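The chain contents come next:
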Amino acid sequence: MTKTAKTPEDLARLIVERVNAGDAAGIADLYAPDAVMAFPPGKETVGRDAIRAVFEQLIAAKPEFKVEEPLPTLYYGDLAMTSTRPSDGTGGRVQIARRQADGSWLRILDRPETP
């Protein structure tokens, strides 16, 4: 059974773990079925299947991701905005997550790089 995110902050850590494990399907499971990701740069990737395909390509390059320092999470009901200080100098990362009926969290919007 795949581990779910119990908090919005868990999502970043679980994605890093799964990238480093080469688990693109497991990464995609952390996104809502209709999620939107602003990646690759200048493009939007829409839907869990498309997000999985992007991560398959990324993982093929054998990157090693590191958990980055989180900034304070902002909440609005069942929505949460998370962000981190990037270790690679890309400017910033911002995500919106939504609490699910079972209490877990999924990403619905993801901007992994900002200028």
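Heads up: the structure comes first, above all this text.
Colleague: Could you give an account of the packing of aromatic side chains, with specific residues and numbers?
Modeller: The description of an aromatic ring pair uses the distance of the two centres, along with the angle that the planes make with each other. In this structure the tally under the stated criterion is 2 aromatic pairs. Relative to W105, the ring of Y75 lies with its centre 6.2 Å away and its plane at 70 degrees, an arrangement referred to as edge-to-face. Placement of the pair is Y75 in strand β4 (residues 74-76) and W105 in strand β7 (residues 105-111), with a sequence separation of 30 residues. For Y75, a relative accessible area of 47% gives the class partly exposed. In this structure W105 comes out as buried when scored by relative accessible area, which is 2%.

Colleague: Please set out a nonpolar patch on the surface residue by residue, giving values where relevant.
Modeller: On the surface, a nonpolar cluster with roughly 230 Å² of combined accessible area is contributed by L74, M81 and V94. Using a relative accessible area of 51% as the deciding quantity, one classes L74 as exposed.

Colleague: If you had to explain the pairing of strand β1 (residues 31-37) to someone new, which residues and values would you point to?
Modeller: With 3 bridges joining them, β1 and β7 adopt parallel strand pairing. Paired with M37 across the two strands is D110, which belongs to β7. Relative to strand β2 (residues 45-46), β1 runs antiparallel, the two sharing 2 bridges. Bridge pairing in β2 links M37 to T45.

Colleague: Give a detailed account of helix α1 (residues 8-21), specifying residues and quantitative values.
Modeller: Every α-helix winds through 3.6 residues per turn, so residues three or four apart in the chain are directed the same way. Taking 1.5 Å as the rise per residue, α1 with 14 residues should run 20 Å; its terminal C-alpha atoms sit 21 Å apart, in good agreement. Within the sequence span of α1, burial applies to P8, D10, L11, L14, I15, V16, R18 and V19. G22 sits one or two residues past α1 and shows a positive phi near 75 degrees.

Definitions and cut-offs
Residues numbered from 1 in each chain as written. Predicted model: local features only at pLDDT ≥ 70, side-chain atom pairs only at ≥ 80, totals over all residues. Heavy atoms only, no water. Phe/Tyr/Trp six-rings, centres within 6.5 Å; stacked < 30°, edge-to-face > 60°. Helix = DSSP H or I, 4+ residues; strand = E, 2+ residues; numbered from the N terminus. Buried < 20%, exposed > 50% of the residue type's maximum accessible area, 1.4 Å probe, protein only. Patch = residues over 30% accessible without salt bridge, like charges linked within 9 Å, V, L, I, M, F, W, Y side chains within 5 Å. Areas by Shrake-Rupley, 256 points an atom, 1.4 Å probe, with all protein chains shown as cover. Salt bridge = Lys/Arg side-chain N within 4 Å of Asp/Glu carboxyl O. Pairing = 2+ DSSP bridges. Expected span 1.5 Å × (residues − 1).

The values reported here are purely geometric and, on their own, carry no functional implication.
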